[in-house]
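# Reading the structure
In case you want the letters, here they are:
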Amino acid sequence: LQCPVYVIESEWNDETPAKRVELTCNTSDEDVPVYWKKDTELKGTGKTLIAEVKEFPDAGNYTCLTANTHEIVSYDFFLITKIDSNGQMIRSILKSFKEPNRTFLKCEAKNYSGIFICSWMTENESPNVKFTIRSLKGSQGDVTCSSPVAHTDNSVTEYTAQCQKENYCPFAEEHQPIEMFLEVIDEVEYENYTSSFFIRDIIKPDPPQCQYVATNGTVTWTYPRTWSTPKSYFPLTFRVKVENTKKHKSQVYDADEQYMQIPTTGPKDKISVQARDRYYNSYWSEWSSLCR
């Protein structure tokens, strides 16, 4: 948020009165007469103004101008965040992800490089919605993020930002979680969202690349190119899925090696592989494209 911007918490019901806010015009000359406008509407005269803010039309830009030359002396911008009777923020701009656990701000890492992707969604792309994502804790190694990129699919728009923890050591134990803070402004409505995590808890490898050797019925696969090296220090474990298209049944086998002989497969069976960190309970990757 840039100054002078103020967030007013408004209890979202009919009974609660509006918040009264005193505004002061930052004029250097006490004798110059001034007046206040909100958009095109005259709000009052004099150096101070009591603004009553409750609904979205009350929010926005309050400008102080000189009475004789109509020059802008100062302004104050108000945003509204809706709260319930318990003082909790009512969040309605973002749409939650089903996994993990209906979260609004989801962060995932393909490896232990300290680079991760944070995502969030809106129902429909609003041309005026603005996002700012940053780390709350700068002392444990700063986190820098790219500008969010929008990907629209039907009625949902997903935004992603690539973030990187500076001076991150993939071989060291993490002691302090990263805390990401997302601010969302839609016209004059304000919401914020947080996500706290260790890199090790948000690891989700890319899928392995696999192939099927028909002569002996063996599936082989390679580590994802994006995975951390050396493999001896960052080993993966795998699952092989064999889908019988006729019977609509599937069998899943566990493997630590990079190959597996499938006992019996029909010519139209679908085979795919997925991976996850062998020693840490990370997310499983998506299933690979079909091995045959």
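Residues numbered from 1 in each chain as written. Predicted model: local features only at pLDDT ≥ 70, side-chain atom pairs only at ≥ 80, totals over all residues. Heavy atoms only, no water.

### So, the pattern of salt bridges
- Scanning all chains against the criterion turns up 11 salt bridges.
- In this structure, D39 engages K38 in a salt bridge whose closest nitrogen and oxygen atoms are separated by 3.1 Å.
- Note on K38: relative accessible area 7%, which makes it buried.
- Taking the shortest distance from any N to any O, the salt bridge between R200 and E173 comes out at 3.7 Å. Here R200, found in the loop between β16 (189-197) and β17 (209-213), pairs with E173, found in the loop between β14 (156-165) and β15 (178-186); they are 27 residues apart in sequence, far enough to count as distant.
- Exposure remark for R200: the relative accessible area of 18% places this residue in the buried category.
- Judged by relative accessible area, which is 56%, E173 ranks as exposed.
- Connected through salt bridges with shared partners, the residues E173, E174 and R200 form a single ionic network. (Salt bridge = Lys/Arg side-chain N within 4 Å of Asp/Glu carboxyl O. Buried < 20%, exposed > 50% of the residue type's maximum accessible area, 1.4 Å probe, protein only. Helix = DSSP H or I, 4+ residues; strand = E, 2+ residues; numbered from the N terminus.)

### Comments concerning the domain arrangement of the protein chain
- What the domain assignment lists for the protein chain is domain 1 (5-83), domain 2 (105-201) and domain 3 (209-277).
- The interface is formed by 10 residues belonging to domain 1 together with 5 residues belonging to domain 2.
- In this assembly, domain 1 and domain 2 are joined by 1 salt bridge.
- For E189, the salt bridge goes to K82, with nearest N and O atoms at 3.4 Å.
- The tally of links between domain 1 and domain 2 comes to 4 residue pairs in polar contact (both at pLDDT 80 or more). (Domains from an automatic or database assignment. Contact = heavy atoms within 4.5 Å. Polar contact = N/O pair within 3.5 Å; in protein donor to acceptor, adjacent residues only side chain to side chain.)

### Topic: the layout of surface pockets
- Quantified by volume, the largest pocket comes out at close to 340 Å³.
- Every residue lining the largest pocket is counted, 14 residues in all, and those nearest its centre are Y112, P170, R200, Y233 and F234.
- In the lining of the largest pocket, the residues fall into 10 nonpolar, no polar and 4 charged. (1 Å grid on protein atoms, 1.4 Å probe; cavity = no way out; pocket = protein on both sides within 12 Å on 5 of 7 lines; lining within 4 Å. Points joined across faces, edges and corners; volume = space filled by probe spheres on them. Nonpolar A, V, L, I, M, F, W, Y, C, P; charged D, E, K, R; others polar.)

### A closer look at the sheet that holds strand β20 (residues 249-255)
- Spatial ordering of the open sheet is given by β20-β19-β22, a layout of 3 strands whose pairing is antiparallel. Every other strand in the sheet has two partners, leaving β20 and β22 (270-277) as the edge strands with one partner each. The mean inter-strand angle of the sheet, taken between neighbouring strand axes irrespective of direction, is 20°.
- Relative to β20, strand β19 (residues 236-244) runs antiparallel, the two being bridged by 7 bridges. Looking across to β20, one finds that R239 is bridged to D254. (Pairing = 2+ DSSP bridges. Axes fitted to C-alpha atoms, helices over the stretch in contact; angles between N-to-C directions.)

### A closer look at the sheet that holds β17
- Strand order in the open sheet formed by 3 strands is β17-β18-β21, and the pairing between neighbours is antiparallel. Edge positions in the sheet fall to β17 and β21 (259-261), since each of these pairs with one other strand and no more. Each adjacent strand pair in this sheet contributes to an overall mean axis angle of 15°, direction not counted.
- Inspection of the sheet shows β17 paired to strand β18 (residues 218-222) by 5 bridges, in the antiparallel sense. In the sheet register, Y212 faces β18, and the bridge partner there is V219.

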